[in-house]
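Take a look at the letters that make up each chain.
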Amino acid sequence: LPFYNPPRSLAIRASEPARPAEAGAGTVVDHGAILPLRPDDQNANILAWVGTPTTGGLVPRDLARVSVFDSAVQGGDAVWEGLRVYRGKVFKLDRHLRRLHDSARAMDFKNVHTREQVREAIFQ
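Each value, and the rule that gives it
- Residues numbered from 1 in each chain as written.
- Predicted model: local features only at pLDDT ≥ 70, side-chain atom pairs only at ≥ 80, totals over all residues.
- Heavy atoms only, no water.
- Helix = DSSP H or I, 4+ residues; strand = E, 2+ residues; numbered from the N terminus.
- Contact = heavy atoms within 4.5 Å.
- Salt bridge = Lys/Arg side-chain N within 4 Å of Asp/Glu carboxyl O.
- Buried < 20%, exposed > 50% of the residue type's maximum accessible area, 1.4 Å probe, protein only.
- Axes fitted to C-alpha atoms, helices over the stretch in contact; angles between N-to-C directions.
- Parallel < 35°, antiparallel > 145°, perpendicular 65-115°, else oblique.
- Left-handed = near helix turned anticlockwise from the far one by under 90°.
- 1 Å grid on protein atoms, 1.4 Å probe; cavity = no way out; pocket = protein on both sides within 12 Å on 5 of 7 lines; lining within 4 Å.
- Points joined across faces, edges and corners; volume = space filled by probe spheres on them.
- Nonpolar A, V, L, I, M, F, W, Y, C, P; charged D, E, K, R; others polar.
- Core = buried A, V, L, I, M, F, W, Y, C linked by side-chain atoms within 4.5 Å.
- pLDDT = per-residue confidence, 0-100.

**With respect to the side chain of H96**
Then, number 1: Note on placement: H96 falls in helix 2 (residues 93-106).
Then, number 2: Discounting chain neighbours no more than four positions away, the residues touching H96 are E81, G82, L83 and F91.

**Section: the pattern of salt bridges**
Then, number 1: Within the structure shown, the criterion is met by 5 salt bridges.
Then, number 2: For R115, the salt bridge goes to D102, with nearest N and O atoms at 3.9 Å. In this pair, R115 sits in helix 3 (residues 115-122) while D102 sits in helix 2, placing the two residues 13 residues apart along the sequence.
Then, number 3: Residue classification places R115 among the partly exposed residues on the basis of a relative accessible area of 36%.
Then, number 4: Its relative accessible area of 42% is what places D102 among the partly exposed residues.
Then, number 5: Between D108 and K110 there is a salt bridge whose closest N-O contact spans 3.1 Å.
Then, number 6: For K110, a relative accessible area of 62% corresponds to the exposed category.
Then, number 7: Among the charged side chains, a network of salt bridges with common partners joins D94, E116 and R119.

**Focus: the packing of helix 2 against helix 3**
Then, number 1: Between helix 2 and helix 3, whose axes approach to 10 Å, the crossing angle comes to 130°. Between helix 2 and helix 3, the interaxial angle falls into the category oblique. Crossing hand, helix 2 versus helix 3: right-handed. Contact residues: L93, D94, L97, R98, L100, H101 and D102 in helix 2; R115, V118, R119 and I122 in helix 3.

**A few points about the layout of surface pockets**
Then, number 1: The space that makes up the largest pocket amounts to roughly 1,700 Å³.
Then, number 2: Lining the largest pocket we find 44 residues, and of these W49, G51, V79, L100 and H113 sit closest to its centre.
Then, number 3: Of all the elements in the fold, those that place two or more residues in the lining of the largest pocket are strand 3 (47-50), helix 1 (71-74), helix 2 and helix 3.
Then, number 4: If one sorts the elements of the lining of the largest pocket by residue count, helix 3 sits on top with 6 residues.
Then, number 5: Split by residue class, the lining of the largest pocket holds 25 nonpolar, 12 polar and 7 charged.

**Observations regarding the nonpolar core**
Then, number 1: V90, L93, L97, L100 and V118 form the largest nonpolar core, which has 5 residues in total.
Then, number 2: Here the element with the most residues in this core is helix 2; it accounts for 3 residues.
Then, number 3: Not counting chain neighbours up to four residues away, the residues in contact with L93 comprise L83, R119, I122 and F123.

**Notes on the confidence of the model for the protein chain**
Then, number 1: Overall, the prediction assigns the protein chain a mean pLDDT of 77, with 73% of residues at 70 or greater.
Then, number 2: For the protein chain, per-element mean pLDDT is lowest for strand 1 (residues 27-30), which scores 68, and highest for helix 2, which scores 92.

Dropping the structure here:
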């Protein structure tokens, strides 16, 4: 199928192959270019929900983990929404929650958090 087999002329190529020996702590390799990581202090205290709707909870970003055996890792079946906050308010939260819930249902996920459970986790 053409969609799954794009022309090689459209592929992104690095000008030079990445040299892992040169990439050290505090760097990331992006399409062959070794770039410095620039931590954003605004993200230092982010919390992530880990677990099921009944047994999960919010944990600091450094403690958030996903098992390599999780279906999101094994098969790429996951849904997520990125939220923006302006002046202390989540921008268009109801639309985000509807899209998130609809996507999870479309993928036939079981044990899906309700919109209210997600809303409660956001504001904890």
